[in-house]
Amino acid sequence: MPISNKIATNILIGVAIFTLFGGNLREKFSNAIQDKIIISFFLFYMMYFIWLIGSEHTLNAFFKLKEFKYIIEISLIIYIVLQKEFVYKILGGFISGMLFSEIMSYCLFFDIPISLYFPFITLKPVHTNVPFMGNHTAYTICLSISISIILYKLLTHQVKNKYLFFTYLLFFTTASVNIFIIYSRLGYILYGINILFTLIFVYRKQFLKTIFIFTMITSTTYTLAFYYSPFFKDRTLAAMNDFKSSLNASYNSPGGIRIGYYVYAWEVIKEHPIFGVGTGDHISEVIKVVDQQETSLANKEALYINYKSGYNASFDSEYLDILVQFGIIGLIVFFNILFQIRSYEQNDRQLKFLQYLLILTMCIIAGPSLIFIPAEVGKTFILLLSLTLAIKPLNFTSAQRST
């Protein structure tokens, strides 16, 4: 997934085909659909289907149903095929993929001609220093999750081999630098918050130690980044300028557009607070308010950008997309996913850490960005969450599978 979403999809299709020959499919499927996290995924997906009733933009709605089906597919397939001995191998494969992606990111940064040395590797960077993924936000989200997992392993002394320990430590260091040579403000925020959470999770009974380590890591990293990374400095100053401009009702900047959507979406939310406006109708309803109330041509043109972006148009905010389309009911369904993950019975401490980490990351992302529309992000979350599911043992065998 970190390297090629298309190849990952094809592999998953292959896994699904082989699943049919695995035996006891009915019992495995029955166990899967009783899992609370999978049920929460199903309810979230069905919300998009049920809210088709009364939707005026059915093409947009059906497009989302088609795009979001991976939410159900990945979780069901992983549940059915997962065995305990493969959980950390799959997780290690994800980390390895991010490490390889990071190496390619540095090659782009230093203008190293990869094609001369590795002709089988094709880099298609759409954003600066992002080698494989569709945008810098998706890349830094996956990178910040990887950094937190690596830090957890280091702090809990899980790595006994000194060479592997050095590799993990090097990856943590280089990945920390890598985040700050990418144009992603969300990545900068996630980095600090996820590190703080990891430290609290590991040293929650040692408050002073937690604060000391967090201060040392983040103060050093952010200070060096501000003075030596033009990417971080430019994006930080731009964020401050966007906020100041929005106070003067100027929304013609990347940050200003997001603020503008919140301002005008509020008018729609007040009219449809409980059930929203329906699947796929959110953008057009807010644009109607923009047309009625916005007097600045520059603001209108900026706010129209997402409206013209096709069937997957959004407000660049998971919370806002859900609230306008499905109202308070939609937010309850979304937060039910997080609640089910939070209350899920998982005895493996590292997998429980991963669940908490993903909850925190999803909560942060959902404000200024998206979770499910970018395939790299949504599929990563569903895959990693699926690895934490407690697989029920099968009745026909003594070789019980459980995580």
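Please refer to the structure placed before this passage.
Residues numbered from 1 in each chain as written. Predicted model: local features only at pLDDT ≥ 70, side-chain atom pairs only at ≥ 80, totals over all residues. Heavy atoms only, no water.

A.B. asks: Which residues make up the packing of aromatic side chains, and what values go with them?
C.D. replies: This structure, assessed with the given rule, holds 34 aromatic pairs. Pairing F109 with F110 gives two aromatic rings, centres 4.9 Å apart and planes at 80 degrees, and the pair type is edge-to-face. Given a relative accessible area of 33%, F109 falls into the partly exposed group. Of the residues examined, F110 reaches a relative accessible area of 55% and is grouped as exposed. Centre to centre, the rings of F180 and F232 are 5.2 Å apart; their planes meet at 80 degrees, and the pair counts as edge-to-face. Of this pair, F180 sits in the loop between α9 (162-179) and α10 (185-202) while F232 sits in helix α12 (residues 230-247), placing them 52 residues apart in sequence. Overall, F180 belongs to the buried group, its relative accessible area being 3%. Cluster of aromatic residues (ring-pair linked, three or more members): F44, Y48, W51, F68, F275, Y319, F326, F334, F335 and F372. Sitting above the plane of the F201 ring, R204 keeps its charged end 5.6 Å from the centroid. One cation-aromatic arrangement involves K352 over Y356; the distance from NZ or CZ to the ring centre is 5.4 Å. (Phe/Tyr/Trp six-rings, centres within 6.5 Å; stacked < 30°, edge-to-face > 60°. Buried < 20%, exposed > 50% of the residue type's maximum accessible area, 1.4 Å probe, protein only. Helix = DSSP H or I, 4+ residues; strand = E, 2+ residues; numbered from the N terminus. Lys NZ or Arg CZ within 6 Å of the ring centre and 35° of its normal.)

A.B. asks: Explain the layout of surface pockets to me, and be specific about the residues and the numbers.
C.D. replies: Here the largest pocket defines a volume of roughly 890 Å³. Among the secondary structure elements, those contributing two or more residues to the lining of the largest pocket are α8 (136-155), α10, α12, α13 (254-271) and α15 (297-307). Considered class by class, the residues forming the lining of the largest pocket number 16 nonpolar, 9 polar and 5 charged. There is about 490 Å³ of room inside the second largest pocket. Lining the second largest pocket are 20 residues; nearest its centre among them are M1, A8, I11, I90 and L383. Within the residue set of the lining of the second largest pocket, elements represented by two or more residues are α1 (5-19), α5 (70-81) and α6 (84-109). Considered class by class, the residues forming the lining of the second largest pocket number 16 nonpolar, 4 polar and no charged. (1 Å grid on protein atoms, 1.4 Å probe; cavity = no way out; pocket = protein on both sides within 12 Å on 5 of 7 lines; lining within 4 Å. Points joined across faces, edges and corners; volume = space filled by probe spheres on them. Nonpolar A, V, L, I, M, F, W, Y, C, P; charged D, E, K, R; others polar.)

A.B. asks: Can you explain unusual backbone geometry? Please cite residues and give values.
C.D. replies: The phi dihedral of N129 is positive, around 65 degrees, even though this residue is not glycine. Here N129 lies in the loop between α7 (114-117) and α8. Positive phi is not limited to glycine here, since D316 has a value of about 55 degrees. Checked against the element boundaries, D316 lands in the loop between α15 and α16 (318-342). Look at D316 and you get partly exposed, because its relative accessible area is 23%.

A.B. asks: Describe the side chain of Q325, listing the residues and the values that go with them.
C.D. replies: Structurally, the position occupied by Q325 is in helix α16. Overall, the relative accessible area of 1% leaves Q325 in the buried class. A polar contact of 3.1 Å, which involves the side chain of Q325, links it to the backbone oxygen of D321. If we skip the residues at most four places from it in the chain, Q325 touches Y48, W51, K64, F275, G276, V277, G278, T279, G280 and H282. (Polar contact = N/O pair within 3.5 Å; in protein donor to acceptor, adjacent residues only side chain to side chain. Contact = heavy atoms within 4.5 Å.)

A.B. asks: Please set out the nonpolar core residue by residue, giving values where relevant.
C.D. replies: Formed by 119 residues in total, the largest nonpolar core has its most connected members in F44, V324, F334, F372 and F381. Considering every element that reaches this core, the biggest residue donor is α8, with 13 residues. The contacts of F44, once residues within four sequence positions are left out, are I71, E318, I322, V333, F334, I337 and F372. Grouped together as the second largest cluster of nonpolar side chains are 5 residues, M104, C107, I121 and F132 included. (Core = buried A, V, L, I, M, F, W, Y, C linked by side-chain atoms within 4.5 Å.)

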